[in-house]
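One-letter residues, chain by chain:
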Amino acid sequence: MAQSEFNLDHEISWFVLPSYWAKIIVGLISCMCFANSYDGDFVFDDSEAIINNKDLRAETPLGDLWHHDFWGGKLSSNTSHKSYRPLTVLTFRINYLFAGGFHPVGFHVINIILHCAISVLMVDVFSILLGGLQYSSKGRRLNLAPKASLLAASLFAVHPVHTECVAGIVGRADLLCALFFLLSFLGYCKALRENKEGNHFSILWVLASVLLGAIALLCKEQGITVLNVGLFKKGLLFRITLLLSGGATMLCLRWRIMGTGPPAFTEVDNPASFADSLFVRAINYNYYYSLNAWLLLCPWWLCFDWSMGCIPLIKSVSDWRIIALAALWFCLIALICQALCSQDSHKRRILTLGLGFLIIPFLPASNLFFRVGFVVAERVIYLPSIGYCMLLTYGFSLLSKQTKKKKMLAATVLGILLINVLRCVIRSNQWRSEEQLFRSALSVCPLNAKVHYNVGKNLADKGNQTAAIKYYREAVRLNPKYVHAMNNLGNILKERNELQEAEGLLSLAVQIQPDFAAAWMNLGIVQNSLRRFEEAEQSYWTAIKHRKKYPDCYYNLGRLYADLNRHIDALNAWRNATVLKPEHSLAWNNMIILLDNTGNLAQAEAVGREALELIPNDHSLMFSLANVLGKSQKYKESEALFLKAIKANPNAASYHGNLAVLYHRWGNLDLAKKHYEVSLKLDPAAPGTKENYSLLKRKLEQLQKKGDA
């Protein structure tokens, strides 16, 4: 057995455990950190990637996954972000299938299990990186750094920056990518196995490594970098050629699948990349790198989103933040010099591999090769944290070698681990609900307009419009071109009948972004309320021009035509809404009511029956059709629908009131009296019910007098 030139473990005051116990401990502490996220909600990007992603549903052919992006859009579309991760989406689909719907527990549990599995694998990976790749005479790989590999794997398992990947379901992409990245690396190491004759090269294991790298790439784009990391391991030219050929093939296929070139991002996503000055771009990119490094060093200030003004651009060398990137490059250059020039070959190998794992997986997020759609994203440093944990462990070994207070150093390391565990638990809890997640970001990124927007949206969804207005206004103040905040604020003001301000905001939104279909529709609704019907119609048609399949806009257009007594146009607009969205209950209802009011009872009945076939449990449709049937003197069928509607919604006064009218017409006066009284109890001011009840009482009194006579 070849002997290690230097044993890192000699310098570390830490636990020595058998490999299986080390893996059990790492697995348990990694689970402990994130276990409280298991029953969290779908939060932030989960809505778009999971709930609104049609690729998860059984009716979508599996083949579509290979032509769609991560969010379910077509890769060929100019609006696609080109995030091609079909295997990750496939796991979401399996989750959805086994859970029987959108139940987040199963999704969260899989993420926690994946992180535990990756953390356990890290024990083997770090034993190779820190102790070297050496085998016994029987061909078994030796772990020459059990203490160092346990420490490094523990640091990785409990790093708080991983919370977004584990507690946020969308982070599944990073977890799967990391899993196959590590398996690919271990497979490549398997190809370098030694035997009695010397180095034994296995083409099969290299090919397996390339295949696993391809799977990692199909989980997330960073997966391709494993082949570059593999080049850091010494090997034959043929072996390197295989890796490079595999990588080039994957990149070509990936680019061909993307179809229309790189994705198009906006300035708010990544403002530095839109700067005219090369100096401003370069200086800010480097500042972003220093922020990522700081998140690895001190992961206390974490945020779900770092865009939209969270990090103001550096525009001058007099900006004090230049110190941060100067410090970063000072440290990197010092480490690179040591990795290249040190007399100690063991030190050179560890520093080279550590820097390789730190830098190479980060390259796709660096803006060096193409523009990315974010400023800082905690999820993208899941893989680079491997290199950080390796370098940190090596740093502890050097400190331990220099100091006599080894127990104090060991206690400090243990303290860091415990603090990180606590931070993971706190941060995981924040990721359990959108309210906690968004509010946690207010103190970290108070200048981020998106943070204020999301807090406002969360409050609006809960019905707290007054508080939501405050946050929407702040979002617009921080980013005067934030059209989504203007649209949402305009919507709330519209509902509060503050129509003039709502119109101003929505007009500004469509001026800034002329193809913003939702803002055009909402502007049309406001203009309709202001009785500016021609302008409203024009706004609706502009919305439809920019979004061809827009059922809600057709519905509102139909309402406009109904107000103008253009009944045929109204019916056509509502029919378009139901064609585009067959479950559009409001459009169906309006068609039934309009046909009923215009005396077209037979047509109203046909439309009502068609609607109920598509939406059989909609009580409002039952109610509307029951009214039509009652007028057509189909009392029995009408009664059955009224009763079914009341069973579904027993507190609707109008349901009881109209059923009472049916019984009144039918001559079933006792039941009519009963339902009039229920209706008046639920709504004492119910229109027409008091009058009808008074008529019924007079009729009952007359009948009683006749009976007495």
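Keep in mind it's a predicted model, so treat the numbers as computed, not measured.

1. Observations regarding the overall build of the protein chain
In terms of helices and strands, the protein chain carries 31 helices and 2 strands. Along the first, second and third principal axes, the C-alpha atoms of the protein chain reach 120 × 55 × 50 Å. A burial count over the protein chain gives 52% of its 709 residues as buried. Taking the contacts inside the protein chain whose residues are at least 6 apart along the sequence as the reference set, 65% of them involve residues at least 24 apart. For the protein chain, the computed accessible surface area is about 33,400 Å², with 60% contributed by carbon and sulfur atoms. Across the protein chain, the mean location of the 73 positive side-chain charges is 7 Å away from that of the 54 negative side-chain charges.

2. Notes on the packing of aromatic side chains
Tallying each qualifying case throughout the model produces 22 aromatic pairs. With 5.9 Å between their ring centres and 40° between their planes, Tyr20 and Trp21 make a pair best called tilted. A relative accessible area of 43% means that Trp21 is categorised as partly exposed. Here the aromatic rings of Phe156 and Tyr382 are separated by 5.3 Å at their centres, their planes lie at 75°, and the arrangement is edge-to-face. Here Tyr382 lies in the loop between α13 (345-359) and α14 (384-402) and Phe156 lies in helix α5 (residues 146-157), a separation of 226 residues in the sequence. Its relative accessible area of 1% is what places Tyr382 among the buried residues.

3. Observations concerning the packing of helix α20 (residues 499-512) against helix α21 (residues 517-529)
Running from N to C, α20 and α21 point in directions that differ by 150°, and their axes come no closer than 9 Å. Between α20 and α21, the angle is such that the two are roughly antiparallel. In this structure, α20 meets α21 at a crossing whose hand is left-handed. On α21, the residues that touch Leu499, Ala502, Glu503, Leu506, Ser507, Ala509 and Val510 of α20 are Ala519, Trp520, Asn522, Leu523, Val526, Gln527 and Ser529. Grouping the constituent residues of the contact of α20 with α21 by class yields 9 nonpolar, 4 polar and 1 charged.

4. As for the environment of Tyr287
With respect to the secondary-structure elements, Tyr287 resides in helix α11 (residues 278-297). A relative accessible area of 9% places Tyr287 in the buried class. With 37 residues separating them along the chain, Tyr287 and Ala324 place their C-alpha atoms 6.8 Å apart.

5. Overview of the pattern of salt bridges
A side chain with one charge can pair with a side chain of the opposite charge if their charged atoms come near. Scanning all chains against the criterion turns up 24 salt bridges. Here the salt bridges share partners, and the residues they tie into one network are Glu605, Arg609, Lys634 and Glu637.

6. What about the packing of α13 against α14?
The N-to-C vectors of α13 and α14 enclose an angle of 150°; their axes lie 6 Å apart at closest approach. The orientation of α13 with respect to α14, classified from their angle, is roughly antiparallel. The way α13 lies across α14 gives a crossing that is left-handed. Counted together, Lys347, Ile350, Leu351, Leu353, Gly354, Leu355, Phe357 and Leu358 of α13 and Pro384, Ile386, Gly387, Tyr388, Met390, Leu391 and Tyr394 of α14 form the full contact between these two elements.

7. A word on the side chain of Glu221
Within the secondary structure, Glu221 sits in the loop between α8 (203-219) and α9 (225-230). Residue Glu221 is classed as buried on the basis of its relative accessible area, which comes to 18%. Among the polar contacts listed, one links the side chain of Glu221 to the backbone nitrogen of Tyr84, at a separation of 3.2 Å.

8. Examining the state of the cysteines
Covalent bonding between the sulfur atoms of two cysteines defines a disulfide. In the structure shown here, the tally under the stated rule is 1 disulfide. Each sulfur in the disulfide pair Cys310 and Cys445 lies 1.8 Å from the other. An S-S torsion of about -40° defines the bridge between Cys310 and Cys445 as left-handed. Of this pair, Cys310 sits in the loop between α11 and α12 (322-341) while Cys445 sits in the loop between α16 (434-442) and α17 (449-461); the two residues are 135 residues apart in sequence, bridging distant segments of the chain. Across this residue pair, the class does not change: Cys310 and Cys445 are buried. Summary of cysteine pairing: Cys189 is not part of a disulfide, and the nearest cysteine sulfur, belonging to Cys177, is at 17 Å. Judged by relative accessible area, which is 2%, Cys189 ranks as buried.

9. Quick word on the environment of Ser318
Along the polypeptide, Ser318 turns up in the loop between α11 and α12. We classify Ser318 as exposed; its relative accessible area is 64%. Taking the C-alpha atoms as reference, Ser318 lies 53 Å from Ile94; in sequence the two are 224 residues apart. Of note is the side chain of Ser318, whose polar atom sits 2.8 Å from the side chain of Ser316.

10. Describing the confidence of the model for the protein chain
Overall, the prediction assigns the protein chain a mean pLDDT of 88, with 90% of residues at 70 or greater. Below pLDDT 50 for its whole length, residues 1-5 participates in 9 contacts with residues either more than four positions away or in separate chains.

11. Here we look at helix α24 (residues 567-580)
The end-to-end C-alpha distance of α24, which contains 14 residues, comes to 20 Å, matching closely the 20 Å that a straight helix rising 1.5 Å per residue would cover. Every buried residue of α24 is listed here: Ala570, Leu571, Ala573, Trp574, Ala577 and Thr578. Relative to the axis of α24, the buried residues are bounded by an arc of 160° and lie together on one face. Every exposed residue of α24 that faces more than 90 degrees away from the buried side is listed here: Ile568 and Val579. Where α24 is buried, its residues meet α23 (551-563) and α25 (585-597).

12. Re the side chain of Arg423
Turning to its location among the elements, Arg423 is positioned in helix α15 (residues 406-430). No salt bridge is formed by the buried Arg423, whose closest oppositely charged neighbour, Glu378, lies at an N-O distance of 7.6 Å. Those residues in contact with Arg423 that lie beyond four places of it in its chain are Pro160, Pro299, Trp300, Leu302 and Gln430.

13. Section: helix α26 (residues 601-614)
Between its terminal C-alpha atoms α26 stretches 20 Å, which fits the 20 Å expected from 14 residues at 1.5 Å a residue. Next to the buried residues of α26 lie α24, α25, α27 (619-631) and α28 (635-648).

14. With respect to the nonpolar core
Judged by nonpolar contacts, the single largest core of 199 residues is most densely connected at Phe126, Leu129, Phe304, Ile311 and Ile386. Core analysis: the next-biggest nonpolar cluster, separate from the first, contains 12 residues, Ala49, Phe70, Ile169 and Val170 among them.

15. Regarding unusual backbone geometry
Positive phi values are uncommon outside glycine, yet Phe44 reaches one of about 50°. Relative to the elements of secondary structure, Phe44 occurs in the loop between α1 (19-34) and α2 (46-51). Judged by relative accessible area, which is 17%, Phe44 ranks as buried. Despite not being glycine, Gln633 shows a phi value in the positive range, around 65°.

Basis of the calculations
Sequence positions are assigned chain by chain, starting from 1 and proceeding in written order. The model is predicted, so local features are restricted to residues of pLDDT at least 70 and side-chain atom pairs to those at 80 or more, both for listing and for counting; the totals for chains, interfaces and linings are taken over all residues. With hydrogens and water stripped out, all remaining heavy atoms of the structure feed into the side-chain values. Secondary structure follows DSSP: runs of H or I at least 4 residues long count as helices, runs of E at least 2 residues long count as strands, and numbering of each begins at the N terminus. Any residue under 20% of the maximum accessible area for its type is buried, any over 50% is exposed, and the rest in between are partly exposed; the area is computed with a 1.4 Å probe on protein chains only. The contact rule is simple, with two residues in contact once any of their heavy atoms fall within 4.5 Å. In these tables, accessible area is a Shrake-Rupley quantity obtained with a 1.4 Å probe, and a residue counts as shielded only by the protein chains included in the view. Residues scored as positive are Lys and Arg, those scored as negative are Asp and Glu, and His as well as the terminal groups of each chain are ignored. For the purpose of locating charges, the reference atoms are NZ of Lys, CZ of Arg, CG of Asp and CD of Glu. Within 6.5 Å between ring centres, the rings of Phe, Tyr and Trp (the latter by its six-membered ring) count as paired, and their orientation is classed by plane angle as stacked under 30 degrees, edge-to-face over 60, tilted in between. Axis lines are fitted through C-alpha atoms, for helices just across the contact stretch, and the angle between N-to-C directions can take any value from 0 to 180 degrees. Throughout, the term roughly parallel applies to angles under 35 degrees, roughly antiparallel to angles over 145, roughly perpendicular to angles from 65 to 115, and oblique to all others. Handedness of a crossing follows from how the near helix is turned relative to the far one, being left-handed for an anticlockwise turn of less than a right angle and right-handed for a clockwise one. In this count, Pro and Cys sit with the nonpolar residues alongside Ala, Val, Leu, Ile, Met, Phe, Trp and Tyr, while Asp, Glu, Lys and Arg are called charged and the others, Gly among them, polar. Within this document, salt bridges are pairs made up of a side-chain nitrogen of Lys or Arg and a carboxyl oxygen of Asp or Glu, the two lying within 4 Å of each other. In the analysis that follows, any N or O atom pair within 3.5 Å is treated as a polar contact, provided that within protein one partner can donate a hydrogen and the other can accept it, and provided that, for residues neighboring in sequence, both atoms belong to side chains. Any two cysteine sulfur atoms lying within 2.5 Å of each other are counted as a disulfide. In predicted models, pLDDT denotes the confidence assigned by the predictor to each residue on a 0 to 100 scale. In this analysis, the expected span of each helix is defined as 1.5 Å times one less than the number of residues it contains. Note that the arc is computed from the directions linking the helix axis to the C-beta atoms. We define a nonpolar core as any set of buried Ala, Val, Leu, Ile, Met, Phe, Trp, Tyr and Cys residues linked to one another through side-chain atoms lying within 4.5 Å.

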